[in-house]
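The residues making up each chain are set out below.
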Amino acid sequence: MKNISDAKGGVSLVFWIVLFVLISLVLAAAYTRLTYMASPQVKLLSKMLASLSFVVLGLLCASFVGKTAYGTLVCLGLIFGALGDALLEMTECRPDRKNGFFLAGIAAFLLGHLMYIPAFLTAVHARVSQFVLGLILFGVLFALQFPLKLRLGRAQWPVYLYGAIVALMAGCAICSAFISASVRSVLMLLSGALFLISDTFLLIRLFSPYKKWWFGTVVLATYYPAQILLALSILAV
C-alpha cells in the first residue's frame, strides 16, 4: 500500500479522494431533493451523476492503494450498483417497460452484492458466524412481509433471492467487525447495516400499503453513504 502522504503529478491523490467524497454527498443530497420535484429525465441524470461519483471515488481509492482483490471486487460492486440505480430510475422514464427495467435493476444490484460478499470474506478469515447471521437476517426480512402485507406479485421470487443475498452480504459485513478489529471492518459493518436498512425501506416503499412519503428519503440517505463508505474502505486496513 502506498503511503497516505504520497502525491501524484504534484497533486495529492488524497485531495481528489476528499473532493469526490464531498461531491458524492452533495450529488446524493441533490438527487434526494429532486426526486420529489423534478421530471423523470432530470431525476435520471441527477441519479446517474450521484452514482457515478461513488464509482469514481472507489476507482480513485483503488488506484491509490494499488491492485488488490478487495479493491477490485468492491469497485465491481460499485459499478453494478450504479448500473442498478440507472435501471431502476428508467422505470419512471419508460413506464411501458417498467417491469423489465425493475428486474434488470434488481439483477444489477444482486451482482453488486455478489461482489461485496467475497470482498468481505477476503478482508477477514471467513467464519460460520457470518453465514449464520446472514441466515437470521434473511429470516427476519422474510417474516416482515406478513405484518407489512407486502404485495410482491410476480416479483416474489426475485425479491426473495435478492433479500437472501442482501442478508448474507450484511451478515458477512457486520460479523467482520467482531472477527477483526480494524478500520476497514468497521466501515464494512456500517455499510452492511446501512444497505440492510435501505433495502428494507425500499421493499416497504415498493410493495407495502404502509408506505410513507419520507421512506424514499430514508432509502437514499442510507444507500449513498453505504456505497461511499465501501469505496473508502478500499483505503483502510
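Residues numbered from 1 in each chain as written. Predicted model: local features only at pLDDT ≥ 70, side-chain atom pairs only at ≥ 80, totals over all residues. Heavy atoms only, no water.

Observations regarding helix H5 (residues 128–144)
Okay, step 1: With 17 residues, H5 extends 25 Å between its outermost C-alpha atoms, agreeing within 8% with the 24 Å of an ideal straight helix rising 1.5 Å per residue.
Okay, step 2: Within the span of H5, buried status applies to Gln130, Gly134, Leu137 and Leu141. Down the axis of H5, the buried side of the element spans an arc of 65°, and every buried residue falls inside it. Turned more than 90 degrees off the buried face of H5, the exposed positions are Val128 and Leu135.
Okay, step 3: Buried residues belonging to H5 abut helix H4 (98–123), helix H6 (156–179) and helix H7 (183–207). (Helix = DSSP H or I, 4+ residues; strand = E, 2+ residues; numbered from the N terminus. Expected span 1.5 Å × (residues − 1). Buried < 20%, exposed > 50% of the residue type's maximum accessible area, 1.4 Å probe, protein only. Arc of directions from axis to C-beta. Contact = heavy atoms within 4.5 Å.)

Digging into the packing of aromatic side chains
Okay, step 1: Applying the stated rule across the entire model yields 17 aromatic pairs.
Okay, step 2: Measuring from ring centre to ring centre gives 6.2 Å for phenylalanine 54 and tyrosine 223, while their planes differ by 75°; the resulting arrangement is edge-to-face. With phenylalanine 54 in helix H2 (residues 40–65) and tyrosine 223 in helix H8 (residues 215–233), the pair connects residues that are 169 residues apart, well separated along the chain.
Okay, step 3: For tyrosine 223, a relative accessible area of 7% puts it in the buried group. (Phe/Tyr/Trp six-rings, centres within 6.5 Å; stacked < 30°, edge-to-face > 60°.)

Looking at the pattern of salt bridges
Okay, step 1: Across all of its chains, the model carries three salt bridges by this definition.
Okay, step 2: A salt bridge links lysine 43 to glutamate 92; the nearest nitrogen and oxygen atoms lie 2.6 Å apart. Of this pair, lysine 43 sits in helix H2 while glutamate 92 sits in helix H3 (residues 69–93), placing them 49 residues apart in sequence.
Okay, step 3: The exposure class assigned to lysine 43 is buried, which follows from its relative accessible area of 7%.
Okay, step 4: Note that glutamate 89 and lysine 47 form a salt bridge whose closest N and O atoms lie 3.6 Å from each other. Of this pair, glutamate 89 sits in helix H3 while lysine 47 sits in helix H2, and the two are 42 residues apart along the sequence. Summarising the burial analysis for this pair, glutamate 89 and lysine 47 share the class buried. (Salt bridge = Lys/Arg side-chain N within 4 Å of Asp/Glu carboxyl O.)

Comments concerning the packing of H5 against H6
Okay, step 1: Where H5 meets H6, the axes come as close as 7 Å, and the angle between the chain directions of the two elements is 135°. By the angle between their directions, the pair H5 and H6 is classed as oblique. Crossing handedness for the pair H5 and H6: right-handed. For the pair formed by H5 and H6, the contact residues are Ser129, Gln130, Phe131, Leu133, Gly134, Leu137, Phe138, Leu141 and Phe142 on the first element and Tyr160, Gly163, Ala164, Ala167, Leu168, Ala170, Gly171, Cys172, Ile174, Cys175, Ser176 and Ile179 on the second.
Okay, step 2: Looking at the contact of H5 with H6 residue by residue, the class counts come to 15 nonpolar, six polar and no charged. (Axes fitted to C-alpha atoms, helices over the stretch in contact; angles between N-to-C directions. Parallel < 35°, antiparallel > 145°, perpendicular 65-115°, else oblique. Left-handed = near helix turned anticlockwise from the far one by under 90°. Nonpolar A, V, L, I, M, F, W, Y, C, P; charged D, E, K, R; others polar.)

Some details on the confidence of the model for the protein chain
As a general rule, the predicted coordinates of low-pLDDT regions are not to be interpreted in detail.
Okay, step 1: The predicted model of the protein chain has a mean per-residue pLDDT of 88, with 95% of residues at 70 or higher.
Okay, step 2: For the protein chain, helix H1 (residues 13–34) is the element with the lowest average pLDDT, namely 88, and H3 is the one with the highest, namely 95. (pLDDT = per-residue confidence, 0-100.)

Digging into the state of the cysteines
Here is the idea: a disulfide is a covalent bond, and it sits between the sulfur atoms of two cysteines.
Okay, step 1: Inspection of every chain in the model, using the stated rule, returns zero disulfides.
Okay, step 2: Considering cysteine sulfurs only, cysteine 61 is the nearest to cysteine 75, which forms no disulfide, with 8.0 Å between them.
Okay, step 3: Classification of cysteine 75 as buried rests on a relative accessible area of 8%.
Okay, step 4: Cysteine cysteine 172 is unpaired, with the sulfur of cysteine 175 as its nearest cysteine sulfur at 7.8 Å.
Okay, step 5: A residue is classified by how much of its surface remains accessible, and cysteine 172, at 0% relative accessible area, is buried. (Disulfide = S-S within 2.5 Å.)

A few points about the environment of leucine 76
Okay, step 1: Summarising the element assignment, leucine 76 is placed in helix H3.
Okay, step 2: Residue classification places leucine 76 among the partly exposed positions, given a relative accessible area of 35%.
Okay, step 3: Separated by 151 residues in the primary sequence, leucine 76 and glutamine 227 have C-alpha atoms spaced 12 Å apart.

Regarding the environment of valine 159
Okay, step 1: Mapped onto the elements of the fold, valine 159 is located in helix H6.
Okay, step 2: Along the chain, valine 159 and phenylalanine 142 lie 17 residues apart, while their C-alpha atoms are 10.0 Å from each other.
Okay, step 3: When residues no more than four places from it in sequence are discounted, the contact partners of valine 159 are Leu152, Leu203 and Phe207.

Some words on a positive patch on the surface
Okay, step 1: A cluster of like positive charges, contributed by Lys98, Lys149, Arg151, Arg205 and Lys211, occupies part of the molecular surface.
Okay, step 2: Examined against the element boundaries, arginine 205 turns out to sit in helix H7. (Patch = residues over 30% accessible without salt bridge, like charges linked within 9 Å, V, L, I, M, F, W, Y side chains within 5 Å. Areas by Shrake-Rupley, 256 points an atom, 1.4 Å probe, with all protein chains shown as cover. Lys, Arg positive; Asp, Glu negative; His and termini not counted. Charge placed at Lys NZ, Arg CZ, Asp CG, Glu CD.)

A short note on the side chain of serine 51
Okay, step 1: Residue placement: serine 51 occurs in helix H2.
Okay, step 2: Apart from residues no more than four positions distant in its own chain, serine 51 is found in contact with Ala82, Asp85 and Tyr224.

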